[in-house]
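Reading the structure
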Amino acid sequence: MHVRVAVIGAGFGGLGAAVCLRRAGVTDFVVLERAGAVGGTWRDNTYPGCACDVPSHLYSFSFAPHPRWPRNFARQPHILAYLEWVADTYGLRPHIRLDSEVKSARWDDDALRWAIGTSSGDLTADVIVAATGPLSEPALPEVPGLDHFPGRVFHSARWDHGHRLRGRRVAVVGTGASAVQFVPEIEREVTELTVFQRTPPWVIPRADRAISDAERWMHGRFPFTRALRRHLLRGVRETHGGAFTGHPDLMRALEGLARVHLRRSVRDPALRRALTPDYRIGCKRILLSNDWYPALQKPHVRLVAAGLREVRGSTLVAADGREAEADTIVFGTGFRVTDVPIAHRVTNGAGLTLAEEWREGMAALRGTTAAGFPNFLTIIGPNTGLGHTSMILIIEAQLQYLAHYMETLDALGKGAGPGGRSGEPGRAALTPRREAVAAWNARLQRRLARSVWNSGGCDSWYLDSRGRNTTIWPGSTGEFARSTRTLDLSEYEVLRHG
Ligand SMILES: Cc1cc2nc3c(=O)[nH]c(=O)nc-3n(C[C@H](O)[C@H](O)[C@H](O)COP(=O)(O)OP(=O)(O)OC[C@H]3O[C@@H](n4cnc5c(N)ncnc54)[C@H](O)[C@@H]3O)c2cc1C
């Protein structure tokens, strides 16, 4: 089978790409999804308390507004239902191939197309859109002795709902965005809870509330009120962006709020000390919670302010030597972000994998296309992540770029050059010029140097193993949208059939 475009992944990115392609008049495409359902992040993360931390009116597609979000921060089942609704409403189902994991993709320099191997069969495609997600591959630390732990072990993104926690001694490793959501939920069930914390997060109050019937009615009846709400939510967050990127010192005000939140919530000075970060707020993801600190003070909950070093039978040993007994270990240790698995499966015409191309660190042109890999676009690619607002704003900006990319390819392919026949697009391919990729990234890295992520004094998943920030976009979302509004052909080489 041959298609014009193969989209990999059916989360926000892949579904958004599918809508974009249909709107651009491309109907010859498939969405390859390894799982048995759409939803990505919101299908896989079913842990208790899972919710977004950007208000739902902003954390949703602008072209598919949902007037009836039940809460400011919708919970996972609602976000998943929203994505299912998007797949239905925009007629995406016929394009989606579930249970189709992309195992390999190899560019053929002669045929100017990708040969793709999936768990459900092979196909070829002119263009690949990789929307495999920045946070889709759980990261489990290598802990000596873990293999011999007699109890159940799982990651928060693969929650084992068949395993009852009631009456058990549970250890949680990690105190990031997921743990802060599920610890207060499971604390009510378990007999003992030990939380291993390597680095304390900055936590600010969570302004969550139910969205009233009146508001929902108003948003349904007068759509401009919904748009206005989104606009305001976006605008407020955008004003924070400058402090993160260029003026980390301005973050002190927010740090003050977090300190007050901690002081009000935790009376015990020793515990408070253990929970006080020693880096600038924003350097790691800022967490929103009203029940994290109360949960840690329950009599059956213990905070061990050190990472997990070793497992000896059912005894867990922390880096500071403290021990805890457990029947179950839950890892809330995040994801493989800077070494994305799909990069190991994609090979260019010279036989080089994308992971090899990125051995010095991930780098793309406008967060989307990679040098040496023709007609390969990544949604939420290198340096497109955000610390303070909705990733959907970035995804939608990249979708504009995708639409222009397809238009440009069509224009180049139609009747031009050897092998190009009028009306049969696809006989041309685009590959970003190395100089353009290098210039784009040099500029980004210069700006990142003074950002809070690079200079805030922490070690975070935004930085790769060499300490290079290959994940964050150091500007406003408006600036990113402007930079991806059209495709600048001077940044590309055109490859022609034959
Ligand atoms: C718990 C949690 C909460 C979050 N909350 C927020 C928030 O509040 N605000 C925010 O902006 N962002 C949030 N994020 C980030 C979130 O991941 C993005 O906002 C967004 O969902 C990413 O969408 P995506 O489609 O790019 O990736 P995903 O949703 O991860 O989808 C990727 C899809 O690709 C599939 N896939 C991967 N590899 C292959 C392969 N080889 N073959 C076939 N299919 C493959 C996966 O199965 C998955 O379905 C959160 C992330 C997590 C984990």
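Here is what the cut-offs are and how they apply
- Residues numbered from 1 in each chain as written.
- Predicted model: local features only at pLDDT ≥ 70, side-chain atom pairs only at ≥ 80, totals over all residues.
- Heavy atoms only, no water.
- 1 Å grid on protein atoms, 1.4 Å probe; cavity = no way out; pocket = protein on both sides within 12 Å on 5 of 7 lines; lining within 4 Å.
- Points joined across faces, edges and corners; volume = space filled by probe spheres on them.
- Helix = DSSP H or I, 4+ residues; strand = E, 2+ residues; numbered from the N terminus.
- Pairing = 2+ DSSP bridges.
- Axes fitted to C-alpha atoms, helices over the stretch in contact; angles between N-to-C directions.
- Contact = heavy atoms within 4.5 Å.
- Near = heavy atom within 4 Å.
- Polar contact = N/O pair within 3.5 Å; in protein donor to acceptor, adjacent residues only side chain to side chain.
- Areas by Shrake-Rupley, 256 points an atom, 1.4 Å probe, with all protein chains shown as cover.
- Nonpolar A, V, L, I, M, F, W, Y, C, P; charged D, E, K, R; others polar.
- Core = buried A, V, L, I, M, F, W, Y, C linked by side-chain atoms within 4.5 Å.
- Buried < 20%, exposed > 50% of the residue type's maximum accessible area, 1.4 Å probe, protein only.
- Phe/Tyr/Trp six-rings, centres within 6.5 Å; stacked < 30°, edge-to-face > 60°.
- Lys NZ or Arg CZ within 6 Å of the ring centre and 35° of its normal.

**Side note on empty space enclosed by the protein**
For the structure shown, the criterion picks out one cavity of 30 Å³ or more. Put simply, the largest cavity is a space of about 40 Å³. In terms of lining residues, the largest cavity is bounded by Asp 53, Ala 177, Val 180, Gln 181, Arg 206, Leu 287 and Leu 288. Looking at the lining of the largest cavity, the element that brings in the most residues is helix H4 (residues 177-186), giving three residues.

**Notes on the sheet that holds strand E15 (residues 323-325)**
With respect to topology, three strands assemble into an open sheet ordered E13-E14-E15, the strand pairing being antiparallel. Of all strands in the sheet, those with a lone pairing partner are strand E13 (308-312) and E15, marking the two edges. Neighbour to neighbour, the strand axes of the sheet diverge by 25° on average, direction disregarded. Where strand E14 (residues 315-318) and E15 come together, three bridges link them in antiparallel fashion.

**A few points about the side chain of Glu 255**
Structurally, Glu 255 can be placed in helix H7 (residues 252-265). Residues within four places of Glu 255 in sequence aside, it is in contact with Trp 202, Tyr 279, Arg 280 and Ile 281.

**Some remarks on the site of the ligand**
Residues in contact with the ligand amount to 35 residues; listed here are only the nearest, Gly 13, Glu 33, Asp 53, Tyr 59 and Met 391. Within the backbone of Phe 12, a nitrogen or oxygen atom sits 3.1 Å from an oxygen atom of the ligand. Separating an oxygen atom of the ligand from a backbone N or O atom of Gly 13 is a distance of 2.7 Å. Contact with the protein chains covers 95% of the free accessible surface of the ligand, which is 980 Å². At three residues, the largest contribution of residues to the shell around the ligand is made by helix H2 (residues 41-44). Considered class by class, the residues forming the shell around the ligand number 17 nonpolar, 12 polar and six charged.

**Observations regarding unusual backbone geometry**
You will see that Asp 99, though not glycine, has its phi angle at about 50°, which is positive. Summarising the element assignment, Asp 99 is placed in the loop between strand E3 (96-97) and strand E4 (102-108). Residue Leu 112 is not a glycine yet carries a positive backbone phi of 55°. Residue placement: Leu 112 occurs in the loop between E4 and strand E5 (113-118).

**Observations concerning the nonpolar core**
Judged by nonpolar contacts, the single largest core of 113 residues is most densely connected at Phe 12, Phe 61 and Val 172. Of the residues forming this core, the biggest block, 13 residues, is contributed by helix H11 (residues 391-413). Aside from chain neighbours lying at most four places away, what touches Phe 12 is Trp 42, Tyr 59, Ser 60, Phe 61, Ile 79, Tyr 82, Leu 83, Ile 392 and Ile 395. Counting 27 residues, the second largest nonpolar core, distinct from the first, contains Ile 8, Val 102, Phe 376 and Ala 429.

**Concerning the packing of aromatic side chains**
One pass over the full model with this rule turns up 20 aromatic pairs. Ring centres 5.8 Å apart and planes at 80° place the aromatic pair Phe 63 and Tyr 90 in the edge-to-face group. One end of the pair, Phe 63, is in the loop between H2 and helix H3 (76-89); the other, Tyr 90, is in the loop between H3 and E3, with 27 residues separating them in the sequence. Ring geometry for Tyr 405 and Tyr 492: centres 6.1 Å apart, planes at 80°, overall edge-to-face. Separated by 87 residues along the polypeptide, Tyr 405 in helix H11 and Tyr 492 in strand E20 (residues 492-496) bring together distant segments of the chain. According to the relative accessible area criterion, Tyr 405 is buried, its value standing at 0%. Look at Tyr 492 and you get buried, because its relative accessible area is 1%. Counting every residue linked through ring pairs, the aromatic cluster contains Phe 12, Trp 42, Tyr 59, Phe 61, Phe 63, Trp 69, Tyr 82, Trp 85 and Tyr 90. Sitting over the face of the ring of Phe 73, Arg 206 holds its NZ or CZ atom 4.4 Å from the ring centroid. For Arg 447, the ring lying beneath its charged end belongs to Trp 473, and the centroid distance is 5.9 Å.

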